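The primary structure of each chain is shown beneath.
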Amino acid sequence: MLSGKWLGRSRGVLPLLRALRELGEPAAILQLLDLLFDSDEAIAQETAITVRELLKAVPMGFYPMLDERLRRGGSYRPAQERWNLLDVEALRIISGRPDAILLLELASSHGNGHVRETALGLLDQKVKSGEEIPFILLRLDDWVEVVSTWAEDAILERLVESNRPAFLRCLPLVMRLSARSRARASAVLGRVVAFFQEDISALAIAAMEIEDGGARHYGLSLAWRIAMRKGEEAQRALIETATKSKNPAVRLVAALWLTKTGVTPALTRSYLADLLRDRVINVRYVALSWCVVHEPQSFREELRAALLDSNASLRSLAQFYLPRLEPMDVRGFYRDMVAAGDSAFLTPALGGLGETGKAEDATLVFPLLEGGKISVRKAALAALARLAPGSHLELFVRALQDRSPGVSKQARIVLESRVGEIGDERLEAIIKSDTYPHVRRQTLVLINRLPKWKKLPLLIQVGGNPDDSLQPLASVFLQVCLLTYNRTHFLQPTQSEVARLRAAFETNEERLEYRIRQELKGLVEIIV
């Protein structure tokens, strides 16, 4: 890729290497392996700097994948000859270079077992800073026994307190290795996990900072397992740290911990107030679920508040449990709240009325469909669709053409199941009208819900107009329709549908994308 033969040696190669470094794309590492051994020292050094920077962009959990690609010879192109032909003698010679550590780290994943063994031995002897630990851990999964044994000895030597931060950075890698049969069979990997668990506070903090959700869950689970063995004090310290995290996934894990068997109710209660006020729905749901199952009488006020929560799942908990704790007409409660018109609670009240009301309650909703806040109008449309399904088609079609994108989208969601009642002719009239762009977009989505032979002519008209902003979306719909044609091949078109399809195709044939044009041409030729 960056061969000097093509680019004129260093004058052409060096700027490209710097550009690759700025791009930060780690996949380029596999294309740069040969340049690490280039005869031009400036190119070799600049490549080493670039590869080192790109390695920083590789998530630790992806190191096994990088290891596999390096063993295969880096790039699939034949250009990586120097890397593929690297031998033990050459490795010993280059181990004296300034960039030797990087070369040894990469060579520890070479396809040649002798090269891996030599590189690992040199790495073990020369580097004790902790940066070598991920590459040594990878060799626990090596199929060459000499290499894996050496790696085990090297890891055991490094399991000291000063290396704890370096090992904790390898948490995603340890999780991946735990799923591999050879590495899992190594007792040393178990020692690494036990080393993590010696300081559960450090383990939890390190896990919370990991972007990889699986590795974060793995680390937190290890910490919680030990906290459960140590008792309430350790559990409290861990939960205290987790509930203060800015990451909602971590706070959700803390909420789930508090619901586990073995956690005292007193410990759970001490954190419920914060969890019930959390801005993340799942956290509030877990906390409220514990309340209604374990101590519903003590949390009546929280259940009453949940009746007007913005989330339907939380409202449903309150709607189910509260009437079992005290005499209450839930439907009447929502009717009163909607009639009161308090803007702070009107949106969730409309949601609750739609969930618990009857068809006659629709009269309370009609006045809220026009004017007012967009969120209220959207909630009113959703409530009306639930209170009177199959009714008020004209009202929803009118809302589809609303100037508010949010209202139009909500109307489209309601109308998706009733697109047959609207008909293709009316949808065609709306999409061809001089209306808002968002209205045309929502209408096109509805058109795509029509039966195949009714929607094809309309999609062709829009997809064949390069000046239409909806042309890309219509082309996507056409491609999907044509790709799935055989699923509904038994549905034959009427003569009028055939005529409309042919007319639309003949008018727009030259303006359609090539692949779509060819597919439609064959279709038009075979239909009766």
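Preceding block: the structure.
Residues numbered from 1 in each chain as written. Predicted model: local features only at pLDDT ≥ 70, side-chain atom pairs only at ≥ 80, totals over all residues. Heavy atoms only, no water.

> Looking at this structure, how should I read the overall build of the protein chain?
The helix and strand tally for the protein chain stands at 35 helices and zero strands. The C-alpha radius of gyration of the protein chain comes to 32 Å, more than 25% above the 24 Å expected for a compact globule of 528 residues. Reported as C-alpha extents along the three principal axes, the dimensions of the protein chain are approximately 85 × 70 × 40 Å. Of the contacts formed within the protein chain by residues at least 6 apart in sequence, a portion of 64% connects residues at least 24 apart. Counting every atom, the protein chain has about 25600 Å² of accessible surface; 53% of that belongs to carbon and sulfur. (Helix = DSSP H or I, 4+ residues; strand = E, 2+ residues; numbered from the N terminus. Rg over C-alpha atoms; globule rule 2.2 N^0.38 Å. Contact = heavy atoms within 4.5 Å. Areas by Shrake-Rupley, 256 points an atom, 1.4 Å probe, with all protein chains shown as cover.)

> Can you help me understand helix α31 (residues 437-447) in this one?
For the α-helix, the turn length of 3.6 residues means that residues three or four positions removed from each other point alike. The element α31 is largely enclosed, with a buried count of nine among its eleven residues. For α31, the complete set of buried residues consists of His438, Val439, Arg440, Gln442, Thr443, Leu444, Val445, Leu446 and Ile447. Each element contacted by the buried residues of α31 is listed here: α27 (393-400), α28 (405-415), α29 (419-422), α30 (424-432), α32 (452-463) and α33 (471-483). (Buried < 20%, exposed > 50% of the residue type's maximum accessible area, 1.4 Å probe, protein only.)

> What exactly am I supposed to notice about helix α17 (residues 232-243) here?
Counted at 1.5 Å a residue, the expected span for α17 with its twelve residues is 16 Å, and the 16 Å between its end C-alpha atoms agrees. Contact partners of the buried residues in α17: α15 (200-208), α16 (213-230), α18 (248-258) and α19 (265-276). (Expected span 1.5 Å × (residues − 1).)

> Where do I start with the packing of helix α14 (residues 187-197) against α16 in this structure?
Helix-helix packing: each pair is described by the crossing angle between the helix axes and the interaxial distance. Two numbers describe how α14 lies on α16: the axes approach to 9 Å, and their chain directions differ by 70°. By the angle between their axes, α14 is roughly perpendicular relative to α16. Considering only the axes of α14 and α16, their crossing is right-handed. Across the interface between the two elements, Val193, Phe196 and Gln197 from α14 touch Tyr218, Leu222, Arg225 and Ile226 from α16. Residues that form the contact of α14 with α16 fall into these classes: five nonpolar, one polar and one charged. (Axes fitted to C-alpha atoms, helices over the stretch in contact; angles between N-to-C directions. Parallel < 35°, antiparallel > 145°, perpendicular 65-115°, else oblique. Left-handed = near helix turned anticlockwise from the far one by under 90°. Nonpolar A, V, L, I, M, F, W, Y, C, P; charged D, E, K, R; others polar.)

> When you look at the side chain of Gln410 in this model, what are you seeing that I'm missing?
For Gln410, the position within the fold is in helix α28. Assessed through its relative accessible area of 16%, Gln410 is described here as buried. Contact partners of Gln410, with chain neighbours within four places excluded, come to Lys378, Leu381 and Ala382.

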